[in-house]
Amino acid sequence: MDIRAYISSGIIESYVLGLASEEEVSILNCIRKNNVEVEQAIIEAEIALEELADSQAMEMPMQFKQEIWNKLIAENLVPSEDQEVNEVLAPASTGDSEVIAIGADKKTLGARSYTWTVAASLLLAVSIGANIFLYQRKQDTANKLNQTTSLLDAEQEKVATLQNKWALVQNPAIKTIPLKGVESKPDYRALVFWDQASKAVYLSIEHMPVAPKGKQYQLWAMVDGKPVNAGVFPLDSKGDTASKMLDIPQAQAFAITLEDEGGKDAPTLSALCVMGSI
């Protein structure tokens with residue numbers, strides 16, 4: 001058996017967390033008896049878990065402690081501050097002098113000792129429960145913060161996309177050509193932004209479905225009645241992004257087809273999705 005691979009498999013962590021099956025525990029116990037490296041790995045995992053628990057522990061609020069203590073006093077589980085252990089004074093004569101012997105009622109002391117033990121156990125249990133509660137609340141807060149951060153990042157990305165499109169629309173050298181869906185795809189729409197000065201072309205397909213696996217949208221420029229490849233829409237780009245395509249010096253129209261991934265040299269007419277004249 002490859003011991004290092006066995007240790008790195010995660011079985012030890014599952015064992016320490018109590019998630020391993022009976023069979024896995026049985027095998028691990030057998031191995032640890034005969035392998036120092038596995039035994040050491042288990043000890044290190046247990047120490048790491050304890051350190052994690054200690055680092056995440058949160059002190060119970062003082063007000064919470066006081067409320068628990070007051071409830072214990074009200075239910076006579078612990079003595080109040082003004083209660084004292086009953087003392088029994090027993091006089092005893094020893095010759096010419098009298099000695100006052102002070103003895104405590106053993107039953108009372110035993111009962112009080114038991115009461116304090118119960119109280120301490122209750123406080124410990126409540127403290128553990130409070131720590132778990134506070135830790136879970138901390139985790140919930142962290143999760144909500146992460147979700148909020150993710151939403152904020154997504155919104156910022158949308159704003160950046162809109163700003164880029166707005167810059168294209170506001171550029172006097174840019175001509176915006178709307179592409180409408182063909183008869184079989186009436187809901188499809190796309191936008192081509194064509195820079196008349198630099199001849200750069202940008203494509204946005206936010207109103208078209210995501211291309212199926214193994215397929216890719218390809219843009220074509222119609223030049224004197226012939227289709228000219230203007231590039232494929234990047235697979236890693238979102239539909240609402242204005243992606244840079246190939247430069248087109250001149251064109252009378254643009255169209256998009258759904259081709260095999262990577263595109264083709266000539267368009268598949270049966271896969272025509274949208275088109276628009278300039």
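Residues numbered from 1 in each chain as written. Predicted model: local features only at pLDDT ≥ 70, side-chain atom pairs only at ≥ 80, totals over all residues. Heavy atoms only, no water.

**With respect to the confidence of the model for the chain**
Taken over all residues, the pLDDT of the chain has a mean of 76, while the share at 70 or more is 61%. Confidence over residues 84-107 falls short of pLDDT 50; this stretch has 22 contacts with residues more than four positions distant or in other chains. (pLDDT = per-residue confidence, 0-100. Contact = heavy atoms within 4.5 Å.)

**Re the pairing of strand β6 (residues 215-223)**
Within β6, seven of the nine residues are buried, leaving the element largely enclosed by the surrounding structure. Pairing between β6 and strand β9 (residues 253-260): eight bridges, direction antiparallel. In the strand pairing of β9, leucine 219 is matched with isoleucine 256. Note: β6 against strand β7 (residues 226-232), five bridges, orientation antiparallel. Within β7, the residue paired with alanine 221 across the bridge is valine 228. Counted between consecutive antiparallel strands, the loop separating β6 from β7 contains two residues, among which aspartate 224 sits at a positive phi close to 55°. (Buried < 20%, exposed > 50% of the residue type's maximum accessible area, 1.4 Å probe, protein only. Helix = DSSP H or I, 4+ residues; strand = E, 2+ residues; numbered from the N terminus. Pairing = 2+ DSSP bridges.)

**Re the side chain of threonine 257**
Note on placement: threonine 257 falls in strand β9. A distance of 2.7 Å separates polar atoms of two side chains, one belonging to threonine 257 and the other to glutamate 259. Beyond its immediate sequence surroundings of up to four residues, threonine 257 is in contact with Gln216, Tyr217, Gln218, Trp220, Pro267, Thr268, Ala271, Leu272 and Cys273. (Polar contact = N/O pair within 3.5 Å; in protein donor to acceptor, adjacent residues only side chain to side chain.)

**Quick look at a nonpolar patch on the surface**
A contiguous nonpolar surface patch, about 390 Å² in accessible area, is contributed by Leu17, Leu19, Leu49 and Leu52. Residue position: leucine 19 is located in the loop between α2 (11-16) and α3 (22-34). Of the residues examined, leucine 19 reaches a relative accessible area of 63% and is grouped as exposed. (Patch = residues over 30% accessible without salt bridge, like charges linked within 9 Å, V, L, I, M, F, W, Y side chains within 5 Å. Areas by Shrake-Rupley, 256 points an atom, 1.4 Å probe, with all protein chains shown as cover. Salt bridge = Lys/Arg side-chain N within 4 Å of Asp/Glu carboxyl O.)

**Re the nonpolar core**
In terms of nonpolar packing, the biggest core is built from 23 residues, with Leu179, Leu203, Met208, Leu219, Phe254 and Ile256 touching the most fellow members. Every element with two or more residues in this core is listed here: β3 (174-181), β4 (189-195), β5 (201-207), β6, β9 and β10 (272-277). Top element by residues in this core is β6. It accounts for four residues. Those residues in contact with methionine 208 that lie beyond four places of it in its chain are Tyr188, Arg189, Ala190, Tyr217, Ile256, Cys273 and Val274. Counting residues in each nonpolar core, the second largest holds 13 residues, with Ile3, Ile7, Val38 and Ala45 among its members. (Core = buried A, V, L, I, M, F, W, Y, C linked by side-chain atoms within 4.5 Å.)

**What to know about the side chain of serine 243**
Checked against the element boundaries, serine 243 lands in strand β8 (residues 243-244). Dropping the residues within four chain positions of it, serine 243 is found in contact with Val201, Tyr202, Leu203, Phe233, Pro234 and Ser237.

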